[in-house]
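# Structure at a glance
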Amino acid sequence: MVETKDISSEEILLYSRKVVSHFVSKGTVPKRNAEDTIMYVVEKFLLKKESIINNFRGNSKFSTYIISVLNKMCLEVIRKEIKHWNYPNQDYDFGRLFS
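Cut-offs applied
Residues numbered from 1 in each chain as written. Predicted model: local features only at pLDDT ≥ 70, side-chain atom pairs only at ≥ 80, totals over all residues. Heavy atoms only, no water. Helix = DSSP H or I, 4+ residues; strand = E, 2+ residues; numbered from the N terminus. Buried < 20%, exposed > 50% of the residue type's maximum accessible area, 1.4 Å probe, protein only. Contact = heavy atoms within 4.5 Å. Expected span 1.5 Å × (residues − 1). Core = buried A, V, L, I, M, F, W, Y, C linked by side-chain atoms within 4.5 Å. Salt bridge = Lys/Arg side-chain N within 4 Å of Asp/Glu carboxyl O.

### Let's talk about the side chain of Thr37
- Mapped onto the elements, Thr37 comes out in helix α2 (residues 34-47).
- Here Thr37 falls in the buried class, since its relative accessible area comes to 3%.
- Sequence-distant contacts of Thr37, defined by excluding residues within four places in its chain, comprise Val20, Val29, Cys74, Val77 and Trp85.

### Observations concerning helix α1 (residues 9-25)
- Compared with the 24 Å implied by 1.5 Å per residue over 17 residues, the 24 Å span of α1 between its first and last C-alpha is a close match.
- Among the residues of α1, those classed as buried are Ile12, Tyr15, Ser16, Val19, Val20, Phe23 and Val24.
- Buried positions along α1 lie against α2, α3 (49-54) and α4 (62-81).
- The positive-phi residue at the C-terminal boundary of α1 is Gly27, with phi of around 85 degrees.

### Quick notes on α4
- Relative to the 28 Å expected for 20 residues at 1.5 Å per residue, α4 spans 29 Å between its end C-alpha atoms, a close match to the ideal helical length.
- When we look at burial in α4, the residues that qualify are Phe62, Tyr65, Ile66, Val69, Leu70, Met73, Cys74, Leu75, Val77 and Ile78.
- Elements that come into contact with the buried residues of α4 comprise α1, α2 and α3.

### Digging into the nonpolar core
- Counting 28 residues, the largest nonpolar core has Ile7, Phe45, Ile66 and Ile78 as its most contacted members.
- Looking at this core, the elements that each hand over two or more residues are α1, α2, α3 and α4.
- Per-element accounting of this core gives the leading share, ten residues, to α4.

### A short note on the pattern of salt bridges
- What the rule picks out here adds up to three salt bridges.
- Where Glu76 meets Lys44, a salt bridge forms, and the shortest distance between an N and an O atom there is 2.1 Å. In this pair, Glu76 is assigned in helix α4 and Lys44 in helix α2, connecting sequence segments 32 residues apart.
- Overall, Glu76 belongs to the partly exposed group, its relative accessible area being 38%.
- The class for Lys44 is buried, based on a relative accessible area of 17%.

What follows is the structure, given as structure tokens:
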């Protein structure tokens, strides 16, 4: 049996910032959309927090699990919103999303 953990809103925000900043540094998320992406990911996580925590099986560190969940949520935002983000370079390489 895995001991259930808890995570504070501040920790969720911190991890979300790390995840989104990774995608900003890769050029996948425009800098101007970073804060909106962070808030969307945090909000989505908080809505599903209980379920996410209960699904933790203990196969990794709890922080690694949380970052993995946030990463997947961020990818969902990117897939949903990328068509609305106007990139200055029309030849944007969308293949970079999955590299």
